[in-house]
Amino acid sequence: PGSSESRLRSALAGGASTADLGEAIASVEALLGEAKRELKTQQLRERRAAYEALHKAERSDDEATLARAIAEARRTHVDREEIETAEGLLEKLRAMTKEERAARDAAKLRARRKEQAFLHVKRDECE
């Protein structure tokens, strides 16, 4: 037996009985239904990954990463509200001066060092 599509083509081309034509159509419809379910599953996976990438990019404060994540979010039909929030953040990042960026980076570094110091004290690794 050939593929569902070839069976249908054959039934259409030759004088197939209505029963054969009906079976060929049902076979193609079943295959099409399976393909549609698989498409929905893949789209859901892509959208979920795009959500995660978008939120990670928002936390990274990296313009290029955020711009790519927004583009992927649009492509995968992430909720408009999520995209608009990310676009607002991207606009703010692009509008920052060098001094504002330096201050932000310094604050992040201080926070990271403070966290590391706390862990060292907690583990009793102080000198």
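Residues numbered from 1 in each chain as written. Predicted model: local features only at pLDDT ≥ 70, side-chain atom pairs only at ≥ 80, totals over all residues. Heavy atoms only, no water.

**Student:** Whenever I open this one, unusual backbone geometry confuses me. Can you help?
**Tutor:** The residue Asp-61 is not glycine, and still its phi comes out positive at about 60°. Along the chain, Asp-61 falls in the loop between α2 (18-60) and α3 (63-75). With relative accessibility at 17%, the residue Asp-61 sits in the buried group. The residue His-77 is not glycine, and still its phi comes out positive at about 65°. Mapped onto the secondary structure, His-77 falls in the loop between α3 and α4 (80-95). Overall, the relative accessible area of 60% leaves His-77 in the exposed class. (Helix = DSSP H or I, 4+ residues; strand = E, 2+ residues; numbered from the N terminus. Buried < 20%, exposed > 50% of the residue type's maximum accessible area, 1.4 Å probe, protein only.)

**Student:** Can you help me understand the pattern of salt bridges in this one?
**Tutor:** When the charged atoms of two side chains lie near each other, side chains of opposite charge can form a pair. With the rule as written, the count across this model stands at 10 salt bridges. The partner of Asp-61 in a salt bridge is Lys-108, with the nearest N and O atoms 2.6 Å apart. Remark: Lys-108 occurs in helix α5 (residues 98-122) and Asp-61 occurs in the loop between α2 and α3; sequence separation between them is 47 residues. Judged by its relative accessible area of 31%, Lys-108 is partly exposed. Close ionic contact of Glu-63 with Arg-101 constitutes a salt bridge, the shortest N to O distance being 2.6 Å. Here Arg-101 lies in helix α5 and Glu-63 lies in helix α3, a separation of 38 residues in the sequence. Salt bridges linked by common partners bring Arg-74, Arg-80, Glu-84 and Glu-87 together as one network. (Salt bridge = Lys/Arg side-chain N within 4 Å of Asp/Glu carboxyl O.)

**Student:** Would you explain the side chain of Ser-4 in this entry?
**Tutor:** Tracing the chain through its elements places Ser-4 in helix α1 (residues 4-13). One polar contact links Ser-4 to Ser-27, side chain to side chain, over a distance of 2.5 Å. Once you skip the residues sitting within four places of it in the chain, Ser-4 turns out to touch Ser-27, Val-28 and Leu-31. (Polar contact = N/O pair within 3.5 Å; in protein donor to acceptor, adjacent residues only side chain to side chain. Contact = heavy atoms within 4.5 Å.)

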